[in-house]
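# Report on the structure
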Amino acid sequence: MSRAVQRRAPRVPTSAIPYAVLAGSLLLTLVTAFSVATTADATEQLRFEHEVQQTQSTIEARIETYISMLRGLAGLFAADDAISRAQFRAYVEQLSLPQRYPGTQGLGFSARVAPEDLDELVASVRAQGQPDFQVWPAGPRDEYHAIVYLEPLDRRNQTAIGYDMFSEPTRRAAMELARDTGQPAASAKVTLVQEIDADKQAGFLIYMPVYRGGRTPDTLEERREQLIGFAYSPFRADDLFVGIFGTRTDPLVAFEVYDGLEPAPEHLLHRSPGFRPDVQSTLSITTTLAVAGRPWTLHYQPRVTFESSIASRMLPILVISGTLISLVLFWLIRSQVQARASAEAAIRVRDDFFSVASHELKTPLTVLLGNTQLLLRRISREQHLSERDQRVVQTIAYQSERLNRLVNALLDHSRIQSGRLVIEPAPLDLVAAVRRVVDEIRPSLRQHTLSLTAPDAPLIVNGDELRLAQVFQNLIDNAIKYSPNGGPIAVTLERRGDRAVIEVADCGLGIPADELPSLFQQFYRAGNIDPRKISGMGIGLYVIREIVTQHGGSVDVESHEGQGSTFRVILPLAGDVRP
Ligand code: ADP
């Protein structure tokens, strides 16, 4: 490997780059997936909590509405304890329960009766158009509580008329609580007496105590003494929740409701559609709800529709596409790295070949050149060859010289590539150096005129005479070569501050503007040149730039295609002659 290539070799092996990119992009995919998952989890959790809150508020609001209705009903009886059945029905009918408050089984009134007043109550209710009315279950008790009114009086509710709820311990506990506190009280889970069909639902009741005189008495004794009955509502739990949520076609949460604080199967009031008791979701939430003084436990879980939210569905797509993109990227970069490696290998082979070939050519060429020039000198001295033979020898000399220049160019190129092109600077008068080159070239010109404009005073630079002469010779050779129709070539030399500026201008083919930036690259030849007519290797300007740069100078070009070109070399003047 040449030194130039060694210098440019990156520290990280190029072959490792695709793997580093693969690892990096896979890592990026993972980090993105992780952050999307975390954000999705948090968003889902928030959404779910919001849904749960809404569901819970809806339940609370609806139960509050039922309790308000019960308070209203209790007020009705407190105002007038002789409400007739017709009046009661009219009152409940105007509430439009089934339409406006679906979910309650009805509104009722259960009257408290002392044993001695029982017959009178039965007689009075029967007289209001219910000839079969009786208080049940039969049997002697300290006090009776008979359901006297229950609307709407449908098939189920008819079954309940006359029922003494106080005779049943669960209901009685709630009735006593309501009576003693003066507040609405919900019962624990019961099976309503209205459950006359095989498909039974869990149920519960809410009681609102009605006291004689209307207001809630202050003391417990008074409350127990002055209780005349209960406004109450029986609820079939499934009907209640379907009534509340019936309009929502696609709820995102499912829930089950337990009476009390212990979620045991025997306390289950309701399980909403879509609830999966066997599924344990990380989002699940358990809440409690106070329903008329009684705690309920609610278990919420996301429905299937909720869990497959966009973010969670995106995740596998993200991981798969991220991995695919990483692999494609890896493949692309690896192909590029491989292509670059083979291109670099090819360039190395080419450079090595040039280097070896030009070295091998140089020795016989030098001998050939030496002998040809010897021959030329002898011919001009002795004049013993015919004119034709003289021309043959001149052609040999000319072509050998050309060959020599080509081989030199190749050698220079190979030296630049391997960092071996070094200049040996010494004080040098540029005016004299340029003049020598111009004088050397001028006699061979047929179609061109070569002028030199230079200051009288010397322009001293610290330069390598041979290398700088090579630069000027090459620029003038190009000016001649790329002005195939002849014309003037002007070489000017001037001092600008602490710099010497040498310009070589021709009126030849010029260079297309868009190619100017590439002109000093190795092996570059402009597109307006026909290589069959004007030969060249595209090495000259490359070598010129290297030599001028090594002198601390610069080279550039101005050109207009079809009008000519001006190459400008700027070199720093030697220190002792600077102003
Ligand atoms: P070569 O002359 O062997 O092609 P150079 O490196 O000297 O290589 O020049 C590179 C290219 O720059 C040339 O092929 C030519 O297209 C363009 N060029 C150089 N000098 C001139 C000029 N005086 N006029 C027009 N084009 C030029």
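Residues numbered from 1 in each chain as written. Predicted model: local features only at pLDDT ≥ 70, side-chain atom pairs only at ≥ 80, totals over all residues. Heavy atoms only, no water.

### Topic: the overall build of the protein
Quick reminder of the rule: Helix and strand definitions follow DSSP, with helices as H or I runs of at least four residues and strands as E runs of at least two, each counted in order from the N terminus. Only C-alpha atoms enter the radius of gyration, while the globule expectation follows 2.2 Å times N to the 0.38, with N the number of residues. Burial classes follow relative accessibility: with a 1.4 Å probe on protein chains only, a residue under 20% of its type's maximum area counts as buried, one over 50% as exposed, and anything between as partly exposed. Contact definition: two residues touch when any of their heavy atoms are within 4.5 Å. In this tally, Lys and Arg are treated as positive and Asp and Glu as negative; His is ignored, and so are the chain termini. Charged groups are reduced to one reference atom each: NZ for lysine, CZ for arginine, CG for aspartic acid, CD for glutamic acid.
Helix and strand counts for the protein stand at 15 helices and 16 strands. Relative to the 2.2 N^0.38 estimate, which gives 25 Å for 579 residues, the radius of gyration of the protein is 55 Å and therefore markedly larger than a compact globule would have. Buried positions account for 43% of the 579 residues belonging to the protein. For the protein, restricting intrachain contacts to residue pairs at least 6 apart in sequence, the fraction spanning at least 24 positions comes to 70%. In the protein, which carries 60 positive and 67 negative side-chain charges, the distance between the mean positions of the two groups comes to 13 Å.

### Quick notes on the site of the ligand
For clarity, the threshold we go by: Think of it this way: one heavy atom of a residue within 4 Å of a molecule or strand is enough to make that residue near it. Here a polar contact means two N or O atoms within 3.5 Å. Within protein one must be a hydrogen donor candidate and the other an acceptor candidate, and residues neighboring in sequence count only if both atoms are side-chain atoms. Using a 1.4 Å probe, accessible areas were evaluated by the Shrake-Rupley method; residue-level cover was limited to the displayed protein chains. Residues are sorted three ways: Asp, Glu, Lys and Arg are charged, Ala, Val, Leu, Ile, Met, Phe, Trp, Tyr, Cys and Pro are nonpolar, and all the rest, Gly among them, are polar.
Neighbouring the ligand are 20 residues, the closest being N478, Y482, D506, R525 and L541. In this structure, an oxygen atom belonging to the ligand sits 3.1 Å away from a side-chain N or O atom of K481. Here Y482 contributes a side-chain N or O atom positioned 2.6 Å from an oxygen atom of the ligand. When the ligand sits alone it has 520 Å² of accessible area, and the protein chains cover 97% of it. Secondary-structure elements contributing two or more residues to the shell around the ligand are α14 (465-481), α15 (540-550) and β16 (564-572). The greatest single-element share of the shell around the ligand, amounting to three residues, is contributed by α14. Among the residues making up the shell around the ligand, the classes are represented as eleven nonpolar, six polar and three charged.

### Remarks on the sheet that holds strand β7 (residues 268-271)
Under the convention used in this document: When DSSP finds two or more bridges between two strands, those strands count as paired. For every element, the axis is a line fit to its C-alpha atoms; helices are fit only across the contacting stretch, and the angle between N-to-C directions ranges from 0 to 180 degrees.
With respect to topology, four strands assemble into an open sheet ordered β7-β6-β9-β8, the strand pairing being antiparallel. Both outer strands of the open sheet, β7 and β8 (285-291), are each paired with one neighbouring strand and no more. Within the sheet, the average angular offset between the axes of one strand and its neighbour, ignoring direction, is 20 degrees. Strand direction decides the pairing type here: strand β6 (residues 253-259) and β7, joined by three bridges, are antiparallel. The residue bridging E256 from the neighbouring strand is R271, located in β7. Running at roughly 35 degrees to β7, helix α9 (residues 237-245) makes contact with β6, β7 and β9 (294-302) of the sheet.

### Describing unusual backbone geometry
A cis amide bond links W136 with the next residue in sequence, P137, at an omega value of 0 degrees. As for its position among the elements, P137 is in the loop between α5 (118-127) and β2 (144-151). Cis geometry marks the peptide bond from E151 to P152, where omega comes out at -10 degrees. On the secondary structure map, P152 appears in the loop between β2 and α6 (155-160). Phi is positive for A292, close to 45 degrees, though the residue is something other than glycine.

### Side note on the pattern of salt bridges
Heads up, the condition is: Any carboxyl oxygen of Asp or Glu within 4 Å of a side-chain nitrogen of Lys or Arg constitutes a salt bridge here.
The full count for this structure, using the stated rule, is 30 salt bridges. A salt bridge links R155 to D197; the shortest N-O distance between them is 3.3 Å. Within this pair, whereas R155 is found in helix α6, its partner D197 is found in the loop between β3 (185-186) and β4 (203-211), the two being separated by 42 residues in sequence. With relative accessibility at 54%, the residue R155 sits in the exposed group. Notably, a salt bridge pairs R405 with D477, separated by 3.9 Å at the nearest N-O pair.

### Thoughts on the nonpolar core
The test is simple: Among the buried residues, those of types Ala, Val, Leu, Ile, Met, Phe, Trp, Tyr and Cys that are joined through side-chain atoms within 4.5 Å form a nonpolar core.
Of all hydrophobic cores here, the largest spans 78 residues; its most connected members are I206 and W296. It is helix α2 (residues 17-79) that contributes the most residues to this core, twelve residues altogether. Sequence-distant contacts of I206, defined by excluding residues within four places in its chain, comprise I63, I67, L70, P184, A185, A186, A231, Y232, S233, F235, V291 and A292. If you look at the next biggest cluster of nonpolar residues, it comprises 51 residues, including V438, L445, I511 and A526.

### A closer look at empty space enclosed by the protein
The following threshold applies: A 1.4 Å probe that fits but cannot get out identifies a cavity on a 1 Å grid over protein atoms alone, an open set with protein on both sides within 12 Å along at least five of seven lines counts as a pocket, and a residue lines either if it has an atom within 4 Å of a point. Grid points are joined across faces, edges and corners, and a volume is the space filled by probe spheres set on the points.
Per the counting criterion, the structure on display carries one cavity of 30 Å³ or more. In this structure, the largest cavity occupies an estimated 40 Å³ of space. Forming the walls of the largest cavity are I147, A160, Y163, M165, R171, L192, V193, Q194, L205, Y232 and P234. When grouped by side-chain class, the residues that make up the lining of the largest cavity number nine nonpolar, one polar and one charged.

### Notes on the pairing of β2
Counting buried residues in β2 gives eight out of eight residues, a clear majority hidden from the surface. Pairing analysis gives seven bridges linking strand β1 (residues 107-113) to β2, with the strands arranged antiparallel. Its bridge partner lying in β2, G108 is registered against L150.

### Observations concerning a nonpolar patch on the surface
Our working definition: Patches were defined on residues exceeding 30% relative accessible area and lacking a salt bridge, with like-charge contacts within 9 Å and nonpolar side-chain contacts (Val, Leu, Ile, Met, Phe, Trp, Tyr) within 5 Å.
On the surface, I320, L324 and L327 cluster together into a nonpolar patch covering about 290 Å² of accessible area. With respect to the helices and strands, the residue L324 is situated in helix α11 (residues 310-382).

### Comments concerning the sheet that holds β2
Strand order in the open sheet formed by five strands is β2-β1-β5-β4-β3, and the pairing between neighbours is antiparallel. The sheet is open, and its two edges are formed by β2 and β3, each paired on a single side. The pairing of β1 with strand β5 (residues 227-236) spans four bridges and is antiparallel. From the neighbouring strand, G108 faces β5, where its bridge partner is Y232. Taken strand by strand, α5 contacts β1 and β2, and its axis lies near 15 degrees from that of β2.

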